[in-house]
Protein chains: 2
Amino acid sequence: MTPYQVRSKVWLEFQGLPFLSGGRYQLLATVASAGSISAAAKNLGISYRKAWTQLEAMEENAPFLLLVRRSGGKGGGETQLTEQALELLGKFHKLNCEVQFAVDHYFSVIFSEQEG
Amino acid sequence: MTPYQVRSKVWLEFQGLPFLSGGRYQLLATVASAGSISAAAKNLGISYRKAWTQLEAMEENAPFLLLVRRSGGKGGGETQLTEQALELLGKFHKLNCEVQFAVDHYFSVIFSEQEG
């Protein structure tokens with residue numbers, strides 16, 4: 001049995017800059033399910049400011065609109081993801097699942113051949 | 001066509017600590033081909049101290065001996081990789097090639113379905 005654990009990371013760049021990573025995926029997905037940036041920040045245990053800053057950085061370097069904000073109302077502002085952002089998250093999730101599967105598969109095949 | 005570029009990274013951990021990454025792979029492979037730490041550092045354009053520190057960190061957390069040092073001689077000390085270290089590099093390289101291929105493949109399949 002191999003003594004190692006394999007780890008991997010996949011991310012997307014847009015115009016040469018980091019655009020979508022696992023962390024940003026999680027933040028966007030949480031905004032989508034929680035319905036607002038403040039609720040998402042709370043769910044993830046990070047500050048509103050941190051969540052907002054990360055989303056701002058993504059939006060500045062995005063090829064399309066990611067978020068739709070509706071201010072006011074009873075529970076404060078709402079934030080939803082655009083259709084395109086939701087579609088992108090779906091694809092990124094799919095990519096991650098396939099790659100994770102491939103990494104585990106090849107690691108197991110290559111590293112179980114013999115110790116090393 | 002998708003506007004994104006996909007990037008990925010694979011690394012091995014041993015006992016919960018980072019053990020072999022692309023950078024360390026390159027350093028070890030260069031030591032193997034150059035025959036000494038100082039020649040490898042020169043080839044990679046890093047300081048001897050930096051190369052030595054990285055190798056030291058790897059060796060402290062390795063499940064087997066990585067390097068064999070022979071001091072003295074005309075051109076100063078020689079450093080060679082152990083059989084096990086060479087075998088590990090070969091496997092890591094193979095793993096990276098397979099994963100890179102899988103990442104490119106799935107990215108192209110998933111992200112060319114439609115824009116997003």
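A few points on the structure. (Residues numbered from 1 in each chain as written. Chains lettered and ligands numbered in written order. Predicted model: local features only at pLDDT ≥ 70, side-chain atom pairs only at ≥ 80, totals over all residues. Heavy atoms only, no water.)

1. Focus on the packing of aromatic side chains
Here is step 1: With the rule as written, the count across this model stands at twelve aromatic pairs over all chains.
Here is step 2: An angle of 40 degrees between the planes, with centres 5.9 Å apart, marks the rings of Tyr25(B) and Phe92(B) as tilted. Of this pair, Tyr25(B) sits in helix α1 (residues 22–34) while Phe92(B) is found in helix α4 (residues 83–111), placing the two residues 67 residues apart along the sequence.
Here is step 3: What makes Phe92(B) buried here is its relative accessible area of 2%.
Here is step 4: Taken together, Tyr4(A), Phe107(A), Phe111(A), Phe14(B) and Phe19(B) form an aromatic cluster joined through their ring pairs.
Here is step 5: For Lys9(A), the ring lying beneath its charged end belongs to Trp11(A), and the centroid distance is 5.7 Å. (Phe/Tyr/Trp six-rings, centres within 6.5 Å; stacked < 30°, edge-to-face > 60°. Helix = DSSP H or I, 4+ residues; strand = E, 2+ residues; numbered from the N terminus. Buried < 20%, exposed > 50% of the residue type's maximum accessible area, 1.4 Å probe, protein only. Lys NZ or Arg CZ within 6 Å of the ring centre and 35° of its normal.)

2. What to know about the pairing of strand β4 (residues 78–81) of chain A
Each regular strand shows side chains that alternate between the opposite faces of the sheet.
Residue and element names in this part refer to chain A.
Here is step 1: Taking every second residue as pointing to the same face, the buried face of β4 carries Thr79 and Leu81, while none of Glu78 and Gln80 on the other face is buried.
Here is step 2: Pairing geometry for strand β3 (residues 67–70) and β4, over four bridges, is antiparallel. Bridging from a neighbouring strand, valine 68 pairs with glutamine 80 of β4. (Pairing = 2+ DSSP bridges.)

3. Let's talk about α4(B)
Here is step 1: A rise of 1.5 Å per residue sets the reference length of α4(B), with its 29 residues, at 42 Å; its end C-alpha atoms lie 42 Å apart and thus fit the reference within 8%.
Here is step 2: Contacts from the buried residues of α4(B) go to β1 (4–14) and α4 (83–111) of chain A together with β1 (4–14), β2 (17–20), α1 and β4 (78–81) of chain B. (Expected span 1.5 Å × (residues − 1). Contact = heavy atoms within 4.5 Å.)

4. Overview of the side chain of Arg24(A)
All names here are of chain A.
Here is step 1: Along the chain, arginine 24 turns up in helix α1 (residues 22–34).
Here is step 2: With no salt bridge to any partner, buried arginine 24 finds its closest opposite charge in glutamate 60, at an N-O distance of 8.7 Å.
Here is step 3: Separated by 3.3 Å, the side chain of arginine 24 and the backbone oxygen of proline 18 make a polar contact.
Here is step 4: At 2.9 Å, the side chain of arginine 24 forms a polar contact with the backbone oxygen of phenylalanine 19.
Here is step 5: If near-sequence neighbours (up to four positions away) are discounted, arginine 24 is found in contact with Pro18, Phe19, Ala57 and Met58. (Lys, Arg positive; Asp, Glu negative; His and termini not counted. Salt bridge = Lys/Arg side-chain N within 4 Å of Asp/Glu carboxyl O. Polar contact = N/O pair within 3.5 Å; in protein donor to acceptor, adjacent residues only side chain to side chain.)

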